[in-house]
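# Summary of the model geometry
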Amino acid sequence: EGIRDARRFMSSLRVAARAKPVILMKVGRHPAGSRAAVSHTGAIVGLDDVFDAAVRRAGVVRVRSVGELVAASQALASRIHPAGRRLAVITNGGGPGVMAADRAGDLGLPLASLSAATLEAMRVALPVNWSHGNPVDLIGDADSARYRAAVTACLADPGVDGVLVILAPQAITDAGDAARAVIEAVAGSAKPVIACWMGEASVAAARTVLAAAGIPVFRTPEPAVQMFAHISSF
């Protein structure tokens, strides 16, 4: 809620952040919360912008909610390592792709510009009516081969720092086959790959397969983008 000895706090924080990822959540970001913190413990919260700049300089990932705290912990405790901020979004549904792009914009994450080689690989592997850009819309009838080709091409692109793969279940979708195709495509790559298999009963088994392979998997696009933001922030 508050800091009594700023110099000692920042010194300790810098030392800790050099050794391991440090994730921090602090209340009192807005005036109403600050008043509540004072009434609760007598803590003087201080200007949030100043605090935010200080902890960022110390190398700390700051989160705004308990949900973000859990997502950031999962991300930084996984095999995923930070590479950069440019995100590629692959999806079989236009709406979820736009949701991911909107959340990336909220967080200041740039969508990667796909290289000519990547676009050519997509042209060969995908139907003529694919999105021809990022987000990469594989179209609703996408099979495992399209997922494999798109993930492979994006991971090979030097302008892509991480990939979010989204599956929205369709009547003809085999969520398990698509998950296994993503796992095969990811093998050997050091870039972060995050999955979002939307829905419940029809994709539950596929989510288990992805998680067992060490790929973080979510039910909706926004927290998946948030996770990538935590990784790139670190």
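What comes next concerns the included structure. (Residues numbered from 1 in each chain as written. Predicted model: local features only at pLDDT ≥ 70, side-chain atom pairs only at ≥ 80, totals over all residues. Heavy atoms only, no water.)

Our focus in this paragraph is helix α4 (residues 66-76). Taken residue by residue, α4 has Glu 68, Ala 71, Ala 72, Ala 75 and Leu 76 as its buried positions. What you see down the axis of α4 is that its buried residues fit within an arc of 120°, all on one side. Exposed residues pointing more than 90 degrees away from the buried face of α4 are listed as Val 66 and Gly 67. Contacts made by the buried residues of α4 are with β1 (23-25), β2 (61-63) and α10 (221-233). (Buried < 20%, exposed > 50% of the residue type's maximum accessible area, 1.4 Å probe, protein only. Helix = DSSP H or I, 4+ residues; strand = E, 2+ residues; numbered from the N terminus. Arc of directions from axis to C-beta. Contact = heavy atoms within 4.5 Å.)

This part covers a positive patch on the surface. Judged by side-chain charge, Arg 7, Arg 14, Arg 18 and Arg 57 come together as a positively charged surface patch. Here the element with the most residues in the positive patch is helix α1 (residues 6-19); it accounts for three residues. Summarising the element assignment, Arg 18 is placed in helix α1. Judged by its relative accessible area of 66%, Arg 18 is exposed. (Patch = residues over 30% accessible without salt bridge, like charges linked within 9 Å, V, L, I, M, F, W, Y side chains within 5 Å. Areas by Shrake-Rupley, 256 points an atom, 1.4 Å probe, with all protein chains shown as cover. Salt bridge = Lys/Arg side-chain N within 4 Å of Asp/Glu carboxyl O. Lys, Arg positive; Asp, Glu negative; His and termini not counted. Charge placed at Lys NZ, Arg CZ, Asp CG, Glu CD.)

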